Amino acid sequence: MQPYRRRFLALALQAQALRFGEFTLKSGRSSPYFFNAGRFDSGAALASLAGCYADAIDAAGVDFDLLFGPAYKGIPLATALACEYARRGRDLPLAFNRKEAKDHGEGGRLIGAPLAGRRVLVVDDVITAGTAVREALATIAAAGGSPAAIAIALDRQEAVAAGQPRSAAQALTADTGIAVIAVATLDDLLAFAGESAELVAQRERLLAYRARYGCAAA
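Residues numbered from 1 in each chain as written. Predicted model: local features only at pLDDT ≥ 70, side-chain atom pairs only at ≥ 80, totals over all residues. Heavy atoms only, no water.

For clarity, the threshold we go by: UniProt positions are given in the numbering used here, feature names are shortened, and annotations may be inferred rather than shown by experiment.
Going by the annotation in an unreviewed UniProt entry, the name recorded for the protein is Orotate phosphoribosyltransferase, with Cognatiluteimonas weifangensis given as the source organism. Under the UniProt heading Subunit (unreviewed entry), the entry covering the protein gives this text: "Homodimer."

Written out as structure tokens, the structure reads:
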């Protein structure tokens with residue numbers, strides 16, 4: 001496992017962004033784990049998280065020249081990532097959207113650097129159904145930008161629905177041709193749990209969940 005993946009999972013546990021138990025997801029499925037990027041709620045936690053994102057993105061070798069954070073959770077994530085890249089010596093433009101158009105002042109739905117002519121990296125926490133990310137891609141295209149890739153924190157690697165072998169991330173890539181870069185995946189979490197005396201008890205439940213809901217291999 002890449003060091004940044006292990007760092008991310010340890011950080012997620014420390015911040016309680018990654019928890020184990022019984023959780024009912026929006027899909028109605030009962031999951032033995034839950035991930036909430038909103039728990040990275042301090043400057044230090046966000047800075048460490050941004051370092052994990054940057055390492056994953058650099059490892060993927062994607063070409064981009066602007067960061068875009070979809071409202072709402074994508075906004076602090078993209079902002080923290082912009083700060084991390086500046087710390088590494090790369091000053092990237094940043095943009096994000098509003099949920100509702102502003103009809104006074106500067107107006108519109110977009111805030112930040114112009115997207116026209118830019119290769120845009122979308123930064124978000126997870127892809128569940130893919131609806132929010134698809135809306136972001138449409139917004140970028142309408143503003144003259146070219147989506148380069150989508151970076152997320154965790155890929156749960158589970159089928160979108162019964163009878164649908166692909167995950168939301170796989171379906172998005174198949175439909176749009178745009179790659180999804182995950183800092184870590186359920187496979188990584190399983191490996192991480194197997195290495196930890198504290199988490200090894202969770203591994204069987206994670207394996208059972210993957211057997212029931214896991215997507216086909218990429």
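**As for the overall build of the protein**
Put simply, the test is: Strands are runs of DSSP state E lasting at least two residues, helices are runs of H or I lasting at least four, and both sets are numbered from the N terminus onward. We compute the radius of gyration from the C-alpha atoms alone; for a globule the expected value is 2.2 Å times N to the 0.38, where N is the number of residues. Exposure classes here rest on a 1.4 Å probe applied to the protein chains alone. A residue is buried below 20% of its type maximum, exposed above 50%, and partly exposed in between. The contact rule is simple, with two residues in contact once any of their heavy atoms fall within 4.5 Å. Note on areas: these come from Shrake-Rupley sampling with a 1.4 Å probe, and a residue is covered only by the protein chains present in the view. Asp and Glu are treated as the negative residues and Lys and Arg as the positive ones, with His and the ends of the chain left uncounted. Working definition for charges: the position is that of NZ of Lys, CZ of Arg, CG of Asp or CD of Glu.
The secondary structure content of the protein amounts to seven helices and eight strands. Expected size for 218 residues packed as a compact globule is a radius of gyration near 17 Å; at 17 Å, the protein falls within 12% of this value. Based on the C-alpha atoms only, the size of the protein along its principal axes is roughly 55 × 40 × 30 Å. Here the protein holds 218 residues, and the buried ones make up 44% of them. For the protein, the share of sequence-separated contacts (at least 6 apart) that also reach a separation of at least 24 residues comes to 70%. Taken as a whole, the protein presents about 10,500 Å² of accessible surface, with 52% of it coming from carbon and sulfur. Of the charged side chains in the protein, 24 are positive and 22 negative; the average position of the first set lies 2 Å away from that of the second.

**A closer look at the pattern of salt bridges**
For clarity, the threshold we go by: When a carboxyl oxygen of Asp or Glu is within 4 Å of a side-chain nitrogen of Lys or Arg, the pair counts as a salt bridge.
Within this structure, the stated rule accounts for 14 salt bridges. Residue Arg7 is joined to Asp55 by a salt bridge in which the shortest nitrogen-to-oxygen separation is 2.8 Å. Placement of the pair is Arg7 in helix H1 (residues 3–14) and Asp55 in helix H2 (residues 43–60), with a sequence separation of 48 residues. One salt bridge in this structure joins Asp175 and Arg134, with 3.0 Å as the shortest N-O distance. Of the two residues, Asp175 sits in helix H5 (residues 168–176) while Arg134 sits in helix H4 (residues 131–142), which places them 41 residues apart along the sequence. Salt bridges sharing common partners tie together Arg7, Asp55, Asp58, Glu84, Arg87 and Arg88.

**Some points on the UniProt feature "binding site: orotate" (unreviewed entry) in the protein**
As recorded in UniProt, the feature "binding site: orotate" (unreviewed entry) lies at Phe34, Phe35, Thr128 and Arg156. In three dimensions, the annotated residues from a span of 123 residues occupy one location, with a maximal C-alpha spread of 12.4 Å. Position of Phe34 among the secondary structure elements: in strand S2 (residues 30–35). Among all residues touching Phe34, those that are not within four sequence positions of it are Ala17, Leu18, Arg19, Phe23, Leu25 and Arg156. Mapped onto the fold, Thr128 is located in the loop between strand S6 (119–123) and H4. Residue classification places Thr128 among the exposed residues on the basis of a relative accessible area of 57%.

**A closer look at the packing of aromatic side chains**
One pair of aromatic rings is described through two measures. These are the centre distance and the angle between the planes. Basically, it comes down to this: Aromatic rings from Phe, Tyr and Trp, with only the six-membered ring used for Trp, were paired whenever their centres fell within 6.5 Å, and each pair was classed as stacked if the ring planes differed by under 30 degrees, edge-to-face if by over 60, and tilted otherwise. Two conditions define a charge located above a ring, namely a distance within 6 Å from the ring centre to NZ of Lys or CZ of Arg, and an angle within 35 degrees of the ring normal.
What the rule picks out here adds up to six aromatic pairs. Measuring from centroid to centroid gives 6.3 Å for Tyr33 and Tyr209, while their planes differ by 85°, and the two rings are edge-to-face. On the criterion of sequence distance, the pair formed by Tyr33 in strand S2 and Tyr209 in helix H7 (residues 200–213) is long-range, its members being 176 residues apart. Across the pair, exposure class does not vary: Tyr33 and Tyr209 are buried alike. Through successive ring pairs, a cluster of aromatic residues spans Phe8, Phe35 and Phe40. Of note, Arg90 hangs over the ring of Tyr85, and the distance from its end group to the ring centre comes to 6.0 Å. The side chain of Arg156 reaches across the aromatic face of Tyr33, ending 4.1 Å from its centre.

**Thoughts on the environment of Leu137**
By the element assignment, Leu137 lies in helix H4. A relative accessible area of 8% means that Leu137 is categorised as buried. Through-space distance from the C-alpha of Leu137 to that of Tyr4 is 27 Å; in sequence the pair is 133 residues apart. Apart from residues lying up to four places away in sequence, Leu137 is in contact with Val122, Pro147, Ile150, Leu172, Thr176 and Ile178.

**A look at the environment of Ala149**
Topologically, Ala149 is positioned in strand S7 (residues 146–155). The residues contacting Ala149, other than those within four sequence positions of it, are Val62, Val120, Leu121, Val122, Ile178, Ala179 and Ile181.

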